[in-house]
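Structure assessment
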Amino acid sequence: QVQLVESGGGLVQAGGSLRLSCAASGIIFRINSMGWYRQAPAKQRELVATITSGRTNYADSVSGRFTISRDNFKATVYLQMNSLKREDTAVYYCNAVVVGPRGEADYWGQGTQVTVSS
């Protein structure tokens, strides 16, 4: 019922920047939170950043380099990634906790690949 469409992934040199976008569509009463998670090969998916009512939370590994923001009108969350490192290479997944006609549910995007080279 709710779809998350991601964009912005790609290949970037170490020290460079990327901006990820994730737009939520569907019948949405309220988005309680949105966030980004990532999963590197052979590793568990981990939290990168979340935003709830303007409050943000970051993993220690990205704090100071990444910025999460949200456009409520567009139901879109962004992740500005600066000073990228090789260890940031992963598939990045958009997440949203959404209240809709069927109540609260957790949704995930399809993932977008971020590759940092050096």
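Our subject is the structure that appears above.
1. A closer look at the environment of G35
Among the structural elements, G35 can be located in strand β4 (residues 30–39). Using a relative accessible area of 0% as the deciding quantity, one classes G35 as buried. As a C-alpha pair, G35 and Y93 span 58 residues in sequence and 8.3 Å in three-dimensional space. Beyond its immediate sequence surroundings of up to four residues, G35 is in contact with A49, T50, I68, Y93, C94 and N95.

2. Here we look at the pattern of salt bridges
Where charged atoms of side chains with opposite charge meet at close range, the side chains can pair. Enumeration over the complete set of coordinates arrives at three salt bridges. In this structure, R38 and E46 form a salt bridge, with 2.8 Å as the shortest nitrogen-oxygen distance. In this structure, D88 engages R65 in a salt bridge whose closest nitrogen and oxygen atoms are separated by 2.8 Å. With a gap of 23 residues between them, D88 in the loop between β8 (76–81) and β9 (90–100) and R65 in the loop between β6 (55–58) and β7 (66–71) connect regions that are remote in the sequence. With respect to burial, D88 and R65 carry one shared label: buried.

About the cut-offs
Residue indices begin from 1 for each chain and proceed along its sequence in written order. Two thresholds apply to this predicted model, a pLDDT of at least 70 for residue-level local features and 80 or more for giving and counting side-chain atom pairs, whereas whole-chain, interface and lining totals are computed over all residues. Calculation of side-chain values draws on the structure's entire complement of heavy atoms; hydrogens and water are dropped beforehand. By definition, any uninterrupted DSSP run of H or I lasting at least four residues is a helix, any uninterrupted run of E lasting at least two residues is a strand, and each is numbered from the N terminus. Three exposure classes are used, based on accessible area relative to the maximum for each residue type with a 1.4 Å probe and protein chains only: buried under 20%, partly exposed in between, and exposed over 50%. Whether two residues touch is decided by their heavy atoms; if any such pair falls within 4.5 Å, the residues are in contact. The term salt bridge refers to a side-chain nitrogen of Lys or Arg lying within 4 Å of a carboxyl oxygen of Asp or Glu.

The analysis is restricted to geometry; functional conclusions fall outside its scope.
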